[in-house]
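# Chains, contacts and geometry: an overview
Read off the chains here:
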Amino acid sequence: MDNKQGLTKLHFAASGNEFQFKLFFGEQSVKTYPFNFSTINHSIDHFVKDLETHDQEVVTNACWIDSNQLSLTLIYIETPYVITYFVRFYDHKIELKCTHNVSFGFEAYELIGVQV
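Keep in mind it's a predicted model, so treat the numbers as computed, not measured.

## Regarding the sheet that holds strand β2 (residues 18–25)
Here 3 strands make up an open sheet; going across it, the order is β1-β2-β3 and the pairing antiparallel. Only two strands of the sheet have a single neighbouring strand rather than two, namely β1 (7–15) and β3 (29–36). Averaged over all pairs of adjacent strands, the angle between strand axes in this sheet comes to 15°, irrespective of strand direction. In terms of strand pairing, β1 meets β2 through 8 bridges, oriented antiparallel. In the strand pairing of β2, Leu7 is matched with Phe25.

Here you go:
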């Protein structure tokens, strides 16, 4: 699979119903999203709006689809964007699918990595 985004690592840090989902792109760029299984979270993310990137309010939601697959949804309040990450855990591997509801230049992607 092609890794145009340059994603190098995923990280989950959990505490009770809450956790952080981190995406590492190379050595410098990290995107961190807070999630909670019992309520939505509000956060700020650097994302596209009006053909430029800005700090945007984002609402996050997490739910288990089944015992091996997690759905992580990001709703960017001031844009039409809804990004959903599907994370599937199997055979010591992690499959990440990133989908979106509208494009405007944003590409969906799918990657498979190894759990460490």
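## Some points on the environment of Asp66
Positionally, Asp66 belongs in strand β5 (residues 52–66). Asp66 sits in the partly exposed class, given a relative accessible area of 40%. Considered as a pair, Asp66 and Arg88 are 22 residues apart in the sequence and their alpha carbons are 9.3 Å apart. Of the polar contacts made by the side chain of Asp66, one reaches the backbone nitrogen of Gln69; its length is 2.9 Å.

The rules behind each value
- Residues numbered from 1 in each chain as written.
- Predicted model: local features only at pLDDT ≥ 70, side-chain atom pairs only at ≥ 80, totals over all residues.
- Heavy atoms only, no water.
- Pairing = 2+ DSSP bridges.
- Helix = DSSP H or I, 4+ residues; strand = E, 2+ residues; numbered from the N terminus.
- Axes fitted to C-alpha atoms, helices over the stretch in contact; angles between N-to-C directions.
- Buried < 20%, exposed > 50% of the residue type's maximum accessible area, 1.4 Å probe, protein only.
- Polar contact = N/O pair within 3.5 Å; in protein donor to acceptor, adjacent residues only side chain to side chain.

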